[in-house]
Amino acid sequence: FSFFTLPFEDDDDDDDDTEDDEEEKGGNHQSTQAVRPTARSTTRLSIQEVDDDEEEEEEGEAEDRKEQRQHKQDVIPPEIAAALQEANDRKSEASKLYKQSQYDQAVKILKSAAVKLQKHHGPNQHSEVVQTTIANLLGTLHANCAACYGQSNRYDEAVNAATLAVESAPKSPSKPKWLLRRGQAYEALDRHFEALEDMIKVQQMGTGSVIASKALPRLRAACRSENSGRILAEKRRGNAYFKQKNYGLAAKSYSLAIRLAISPYSKFNDADTTSKLYTNLALANLNAGRFHEAEQACTSVLALPGGDQPNISALRRRAMAF
């Protein structure tokens, strides 16, 4: 099995979508306004009457003005167009380096382009169309970094880069490819549970990925072979973080241990250990000031089957969260 068999994203659909959007919006200028007829007026009862046709024309004119305002909002400002062009140029330059197996140089160019484009990316800075265009290109730059890292066997960095891609453009049509790339990196790191989650997401998106289809049976088998050793290791890691008062990382370790313990792909099934993990997670969230998450952890403990007596620790910590 070889990792990162996905092609480097060079001339992807995002650029074509941008051009299509521009052409569609340009068509709005072609709309013409009908000639407004003169309204009929009478002196009877001093009431001015308006034809139904005139009311319809007024509504049409208002709709035209609304479309024109929307078109102005969707037009990409010159400085943004220049930034997008520069980022696309850098992406093409990195693509050539990638094909020549010069992955480090390609990463430098891609990261530099992403930093520059990031300055124009943010909520409420531009119209939705412009913001989506920026986000999709930014996601592609990060995803291509992940591809370079994967080819260099730098799988931790590949995971981080692919995650940045997904976070930058969560609605991008390229998201399945980015999740697939991250799933491959997770598997290379023997993080089978996270890899399985990404591959399942890819399948649920209905992309029909052959790579994901072949990976799922292999990953399910790997997850089933997980034993209590990894779960207990994550618990000990969480305890160590807790003693260091690093409650965020402690909660992360406890959460991973819980996911492994309750996974249908794990042979481990110890209700007592799972209960302790939940109460530890609740305490870490309490100390981190995340009271809603602490309450949810305690509620999960109390919902666990088995035992005639309620979990006193869970009840007490849930009360503190409330």
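This text goes with the structure placed above it.
Computed from a predicted structure; not experimentally measured. (Residues numbered from 1 in each chain as written. Predicted model: local features only at pLDDT ≥ 70, side-chain atom pairs only at ≥ 80, totals over all residues. Heavy atoms only, no water.)

*Asks:* An account of helix H4 (residues 103-118) is needed here, citing residue identities and associated values.
*Replies:* The end-to-end C-alpha distance of H4 is 22 Å, a good match for the 22 Å that 16 residues give at a rise of 1.5 Å each. Tyr103, Ala106, Val107, Ile109, Leu110, Ala113, Ala114 and Leu117 are the residues of H4 that are buried. For H4, the angular spread of the buried residues around the axis is 165°, confining them to a single face. Away from its buried face by more than 90 degrees, H4 exposes Lys108 and Val115. Those residues of H4 that are buried lie in contact with helix H3 (78-99) and helix H5 (128-151). (Helix = DSSP H or I, 4+ residues; strand = E, 2+ residues; numbered from the N terminus. Expected span 1.5 Å × (residues − 1). Buried < 20%, exposed > 50% of the residue type's maximum accessible area, 1.4 Å probe, protein only. Arc of directions from axis to C-beta. Contact = heavy atoms within 4.5 Å.)

*Asks:* Which residues make up the layout of surface pockets, and what are the values?
*Replies:* Quantified by volume, the largest pocket comes out at close to 430 Å³. Contributions of two or more residues to the lining of the largest pocket are made by helix H7 (175-188), helix H8 (192-204), helix H10 (228-243) and helix H11 (247-262). Along the lines of polarity and charge, the residues of the lining of the largest pocket split into four nonpolar, two polar and 11 charged. (1 Å grid on protein atoms, 1.4 Å probe; cavity = no way out; pocket = protein on both sides within 12 Å on 5 of 7 lines; lining within 4 Å. Points joined across faces, edges and corners; volume = space filled by probe spheres on them. Nonpolar A, V, L, I, M, F, W, Y, C, P; charged D, E, K, R; others polar.)

*Asks:* Residues and numbers for the packing of H3 against H4, please.
*Replies:* The geometry of a pair of packed helices is captured by two quantities: the angle between their axes and the separation between those axes. The geometry of H3 relative to H4 is characterised by a closest axis approach of 8 Å and an angle of 170° between their N-to-C directions. When the axis of H3 is compared with that of H4, the two are roughly antiparallel. Within the contact between the two elements, H3 uses Ala83, Leu84, Glu86, Ala87, Arg90, Lys91, Glu93, Ala94, Leu97 and Tyr98 and H4 uses Tyr103, Gln105, Ala106, Ile109, Leu110, Ala113, Lys116 and Leu117. In terms of residue class, the contact of H3 with H4 is made up of 12 nonpolar, one polar and five charged. (Axes fitted to C-alpha atoms, helices over the stretch in contact; angles between N-to-C directions. Parallel < 35°, antiparallel > 145°, perpendicular 65-115°, else oblique.)

*Asks:* So what's going on with the nonpolar core? Which residues, and what values?
*Replies:* With 50 residues, the main nonpolar core has Leu84, Leu117, Leu141, Cys148 and Met199 as its most contacted residues. Of all elements in the fold, only H3, H4, H5, helix H6 (155-168), H7, H8 and helix H9 (210-224) reach the threshold of two or more residues within this core. Considering each element in turn, this core owes the most residues, 12 residues, to H5. Judged by nonpolar contacts, the second largest core, of 19 residues, contains Ile231, Ile258, Cys298 and Ala314. (Core = buried A, V, L, I, M, F, W, Y, C linked by side-chain atoms within 4.5 Å.)

*Asks:* Any chance you could break down the packing of H8 against H9 for me, citing the residues and the numbers?
*Replies:* Where H8 contacts H9, the two axes come as close as 9 Å, and the packing angle between them is 145°. Here H8 and H9 pass one another in a crossing that is left-handed. Contact residues: H8 offers His192, Phe193, Ala195, Leu196, Met199, Ile200, Val202 and Gln203, while H9 offers Ala212, Ser213, Ala215, Leu216, Leu219, Arg220, Ala222 and Cys223. Split into classes, the residues belonging to the contact of H8 with H9 amount to 12 nonpolar, three polar and one charged. (Left-handed = near helix turned anticlockwise from the far one by under 90°.)

Distances and angles like these do not, on their own, reveal function.
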